[in-house]
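Listed here are the chains, written in short residue letters.
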Amino acid sequence: MQEEIEFEQEKPSAENETDCNQQESKEQKKKKIVSVLRELLIYAIIVVVCIFIIPRYVIQRTIVSGSSMENTLFSDDNLLVEKVSYHFVDPKRFDVVVFYPYGRAAGEYYVKRVIGLPGETIQIKGNDIYINGKKIEEHYGKDPITYQGIASEPLKLGDDEFFLMGDNRKVSFDSRYEEVGPVHRDLLEGKAIIRIWPLKDFGTFD
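The rules behind the values
- Just so you know, the residues in each chain are numbered from 1, in the order the chain's sequence is written.
- Under the rules for a predicted model, residues below a pLDDT of 70 receive no local features and side-chain atom pairs below 80 are neither given nor counted, while totals for whole chains, interfaces and linings still include all residues.
- To obtain the side-chain values, all non-hydrogen atoms of the structure were included, while hydrogens and water were left out.
- The pairing criterion for strands is at least two bridges between them, as found by DSSP.
- A run of DSSP states H or I qualifies as a helix once it reaches four residues; a run of E qualifies as a strand once it reaches two. Both are numbered from the N-terminal end.
- A side-chain nitrogen of Lys or Arg and a carboxyl oxygen of Asp or Glu constitute a salt bridge if their distance falls within 4 Å.
- We call a residue buried when its accessible area falls under 20% of the maximum for its residue type, exposed when it is over 50%, and partly exposed in between, using a 1.4 Å probe and counting protein chains only.

Enquirer: Got a minute to help me understand the sheet that holds strand β6 (residues 128-131) in this structure?
Expert: Within a beta sheet, neighbouring strands are joined by backbone hydrogen bonds and run either parallel or antiparallel to one another. Read across the sheet, 4 strands follow the order β7-β6-β5-β8 without closing on themselves; strand pairing throughout is antiparallel. Across the chains shown, the open sheet's two edge strands, defined by having one partner strand only, are β7 (134-135) and β8 (155-156). Where strand β5 (residues 121-125) meets β8, 2 bridges bridge the pair, whose relative direction is antiparallel. The residue bridging I122 from the neighbouring strand is L155, located in β8.

Enquirer: Would you take a moment to explain the pattern of salt bridges for this structure?
Expert: Note that side chains of opposite charge can pair when their charged atoms are close. Tallying each qualifying case throughout the model produces 12 salt bridges. Where R93 meets E120, a salt bridge forms, and the shortest distance between an N and an O atom there is 2.8 Å. Note that R93 is positioned in the loop between β2 (78-82) and β3 (96-99) and E120 in the loop between β4 (110-116) and β5, a separation of 27 residues in sequence. Classification of R93 as partly exposed rests on a relative accessible area of 25%. E120 sits in the buried class, given a relative accessible area of 11%. Between K135 and D128 there is a salt bridge, with its nearest N and O atoms 3.5 Å apart. A network of salt bridges, in which partner residues are shared, links K83, R104 and E189.

As structure tokens, then:
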């Protein structure tokens, strides 16, 4: 009769169990650190995008200063200005835009309305605005025009120039003045699309 021999498995010692637990603990800590670092990196990227990328290239908050756009916009109104669409489509007549009248380096910006488009001839006769010899119908002016400026005679706009005016035409310092004049497209920062402050006036505007 063949004798059965049983082999007893060697039980892990307490020391081995401790080593295994320590190894597992180290790996868990390592995974946790990697997870935390990954989350921090994601948050950092989000912060950079929100602080630097979006305001510079996509959308930014702009504050109206002065009364030149009354009665459409008022001083201290907060606007959101989007900067993407003008890379793909041309600004349209009557868009409200933000631009740098003295160059981007100067940092000073104005909020005005597009009146004349590239290649057009603009002239202001009394209170009426003529484009290519034809009077345009518009209702944005707060008061009658009292100063025609450089547009008192026919003014031909260049291929990348826009004629901009404020809605409050008695006080607006705009393209009628030689110091501003027709505005080159590369000085347009973007289109004002919505008013976010004051809250009672929140929403779009004409």
